[in-house]
Amino acid sequence: MSDGDPRVQIELCERYGARNYAPLDVVLTRGQGCFVWDVRGRRYFDFLSAYSAVSQGHCHPRIVAALVEQAGRLSLTSRAFHNDQLGAMLERIARLTGFEKVLPMNTGAEAVETAIKAMRRFGYEHRSVPEGEAEIVVMSGNFHGRTTTIVGFSDEPAYRHGFGPPTPGFVLAPYGDVGALARLMKDTTVGVLLEPIQGEGGVVIPKEGYLREVRALCHERGVLMALDEVQTGLGRTGKMFAFEWETARPDLLILGKALSGGLYPVSCVCADDEVMRVFSPGSHGSTYGGNPLGAAVAVAALEVLEDEHLAERARALGERALERLRKDVRGEHIKDVRGRGLMIAVEYEDDRAHDVAVALAEAGVLAKDTRRSVVRLMPPLVITEEQLDEALDLALPILAAPVVRG
Ligand SMILES: *Cc1c(COP(=O)(O)O)cnc(C)c1O
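The paragraphs below set out a description of the structure included in this document. (Residues numbered from 1 in each chain as written. Predicted model: local features only at pLDDT ≥ 70, side-chain atom pairs only at ≥ 80, totals over all residues. Heavy atoms only, no water.)

### Structural notes on the packing of helix α4 (residues 86–97) against helix α11 (residues 292–307)
Here comes step 1: The geometry of α4 relative to α11 is characterised by a closest axis approach of 8 Å and an angle of 35° between their N-to-C directions. Handedness of the α4/α11 crossing: left-handed. Taking contact as the criterion, the partners of Leu86, Ala88, Met89, Arg92, Ile93 and Leu96 in α4 are, on α11, Gly294, Ala295, Ala298, Val299, Leu302, Glu303 and Glu306.
Here comes step 2: Residue composition of the contact of α4 with α11, grouped by class: nine nonpolar, one polar and three charged. (Axes fitted to C-alpha atoms, helices over the stretch in contact; angles between N-to-C directions. Helix = DSSP H or I, 4+ residues; strand = E, 2+ residues; numbered from the N terminus. Left-handed = near helix turned anticlockwise from the far one by under 90°. Contact = heavy atoms within 4.5 Å. Nonpolar A, V, L, I, M, F, W, Y, C, P; charged D, E, K, R; others polar.)

Here you go:
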């Protein structure tokens, strides 16, 4: 049920909601595949995909069916008991990632927190780091979620301002610079946490070889490497995992977002047993983590990813989109056009990205600005070639215009 007047919904949110978001003025009521519709019945291409959570497309019938079926049977048991869905999800994720063990949580931030706890404990138990001194190196421009600990090591003022004191034990290294990372590592360094491509940071793609070199350095120093693939993982960049572009298999792999195809929050950390063994009963947990509803949804979401070859689609369609963008979006106001798979960005010389996103929405394409100068283009991976072309026909003139039209 929805009121046809978007102002009613927006006013309710402004009146009763905390003001921690500044959404565009569209009120959505329905989604299917790469499309969403607003309360007035206007159709938009979704070129954000809920930050890549909806890679399988909105309301994918197979995932919806799994959700509905499981919701009518058993939704939550807590981990105090076994349920008949969790095992299948763990096995599926382990097979897909090649890791021996999987620890389920709900949100991306919780999975990142889980990886941080694992790396710290591993350092104390296996590297004899003195208690309380473990350090984790994180990257400039990082985004790993919104918990107090995570925003404490962000270098984006909007994320961290006023939320201190920051959790100690984190050191910032410049993203993309292995030499600097090596110099920052100490005897007490237990882990390195990074994104293979920085999504919120502006689709920052490190130069070829960086991940492989970080991998080698971590090996050499006996430091755990944790890759946050909450946004890049599960097909988005044209491979199932972004680390496969450099065969830089991490020690801990963090997944979320598309793991549930946008239907229900499911995240996880994957690692081999040597690392995961640091968790003993009572040391970590989550009431909803590993619940049967989330597990059934995640299994269906992963089946869709594999059966519909969404990683391969992302690669082919991403190349097609980038080619058109590179040809048509140029000029003195354009700093860069870049992407991998269907994770694409247009970077401007000035701070116009928000205005461009507003103009794109008016033209029927929902995209989101990030870091003021970057417009990110991330459609659901199920988008067809024809749909992609149609969306680009709408978006290209706006992305390329020297002056943003209001
Ligand atoms: C979105 C995101 C997170 C946080 O996920 P939430 O589910 O919002 O907590 C963590 N890391 C990366 C790379 C992300 O893109």
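There is more to say after this.
### With respect to the site of the ligand
Here comes step 1: Around the ligand, the structure places Thr107, Gly108, Ala109, Phe143, His144, Gly145, Glu195, Asp228, Val230, Gln231 and Lys257.
Here comes step 2: Within the backbone of alanine 109, a nitrogen or oxygen atom sits 2.8 Å from an oxygen atom of the ligand.
Here comes step 3: If the ligand stood free it would expose 380 Å²; the protein chains cover 81% of that surface.
Here comes step 4: Residues belonging to the shell around the ligand are distributed by class as follows: three nonpolar, five polar and three charged. (Near = heavy atom within 4 Å. Polar contact = N/O pair within 3.5 Å; in protein donor to acceptor, adjacent residues only side chain to side chain. Areas by Shrake-Rupley, 256 points an atom, 1.4 Å probe, with all protein chains shown as cover.)

### Remarks on the pattern of salt bridges
Here comes step 1: Counting across every chain of the model gives 28 salt bridges.
Here comes step 2: Here arginine 73 makes a salt bridge to glutamate 69, at a shortest N to O gap of 3.1 Å.
Here comes step 3: When its relative accessible area of 47% is taken as the criterion, arginine 73 is described as partly exposed.
Here comes step 4: In this structure, the salt-bridge partner of arginine 73 is aspartate 84, at a minimum N-O distance of 3.9 Å. With a gap of 11 residues between them, arginine 73 in the loop between α3 (61–71) and α4 and aspartate 84 in the loop between α3 and α4 connect regions that are remote in the sequence.
Here comes step 5: Salt bridges sharing common partners tie together Arg62, Arg92, Glu303, Glu306 and Asp307. (Salt bridge = Lys/Arg side-chain N within 4 Å of Asp/Glu carboxyl O. Buried < 20%, exposed > 50% of the residue type's maximum accessible area, 1.4 Å probe, protein only.)

### Comments concerning helix α9 (residues 210–221)
Here comes step 1: The end-to-end C-alpha separation of α9 is 16 Å, in line with the 16 Å expected for 12 residues at 1.5 Å each.
Here comes step 2: For α9, the elements touching its buried residues are β5 (135–139), α8 (178–184), β7 (189–194) and β8 (224–228).
Here comes step 3: Positive backbone phi, at 65°, marks glycine 222, one or two positions downstream of α9. (Expected span 1.5 Å × (residues − 1).)

### What about a nonpolar patch on the surface?
Here comes step 1: Taken together, the side chains of Val8, Leu12 and Tyr16 define a hydrophobic patch exposed on the protein surface, amounting to about 300 Å² of accessible area.
Here comes step 2: Mapped onto the elements of the fold, leucine 12 is located in helix α1 (residues 6–16).
Here comes step 3: Relative accessible area serves as the criterion here: at 44%, leucine 12 is assigned to the partly exposed category. (Patch = residues over 30% accessible without salt bridge, like charges linked within 9 Å, V, L, I, M, F, W, Y side chains within 5 Å.)

### A few points about the sheet that holds strand β2 (residues 35–38)
Here comes step 1: Reading across from one edge, β1-β2-β3-β13 is the order of the four strands in this open sheet, with mixed pairing throughout. Among the strands making up the open sheet, the edge pair consists of β1 (28–32) and β13 (365–366).
Here comes step 2: Two elements, β1 and β2, share four bridges in a ladder whose sense is antiparallel. Residue glycine 31 lies in a different strand from β2, and its bridge partner there is valine 36.
Here comes step 3: Across the sheet, helix α14 (residues 385–400) touches β2, β3 (43–46) and β13, and the angle it forms with β3 is around 105°. (Pairing = 2+ DSSP bridges.)

### A few points about unusual backbone geometry
Here comes step 1: For the peptide bond that leads from glycine 164 to proline 165, omega is 5°, which places it in the cis range.
Here comes step 2: Tracing the backbone through its elements, the reader meets proline 165 in the loop between α7 (157–160) and β6 (170–173).
Here comes step 3: Non-glycine residue alanine 50 carries a positive phi angle of around 50°.
Here comes step 4: With respect to the element layout, alanine 50 can be found in helix α2 (residues 49–52).
Here comes step 5: Judged by relative accessible area, which is 38%, alanine 50 ranks as partly exposed.

### Some words on the nonpolar core
Here comes step 1: Counting 86 residues, the largest nonpolar core has Val192, Leu194 and Leu399 as the members making the most contacts within it.
Here comes step 2: If you tally residues by element for this core, the top one is α11, at 10 residues.
Here comes step 3: Counting the residues that make up this core, at least three belong to each of domain 1 (6–56 + 312–400) and domain 2 (62–307).
Here comes step 4: Apart from residues no more than four positions distant in its own chain, leucine 194 is found in contact with Met139, His144, Tyr175, Tyr210, Leu211, Val214, Met225, Ala226, Leu227 and Asp228.
Here comes step 5: The next biggest cluster of nonpolar side chains, apart from the first, holds 30 residues, and it includes Ala134, Ile136, Leu224 and Ala271. (Core = buried A, V, L, I, M, F, W, Y, C linked by side-chain atoms within 4.5 Å. Domains from an automatic or database assignment.)

Spatial relationships are all this shows, so hold off on functional conclusions.
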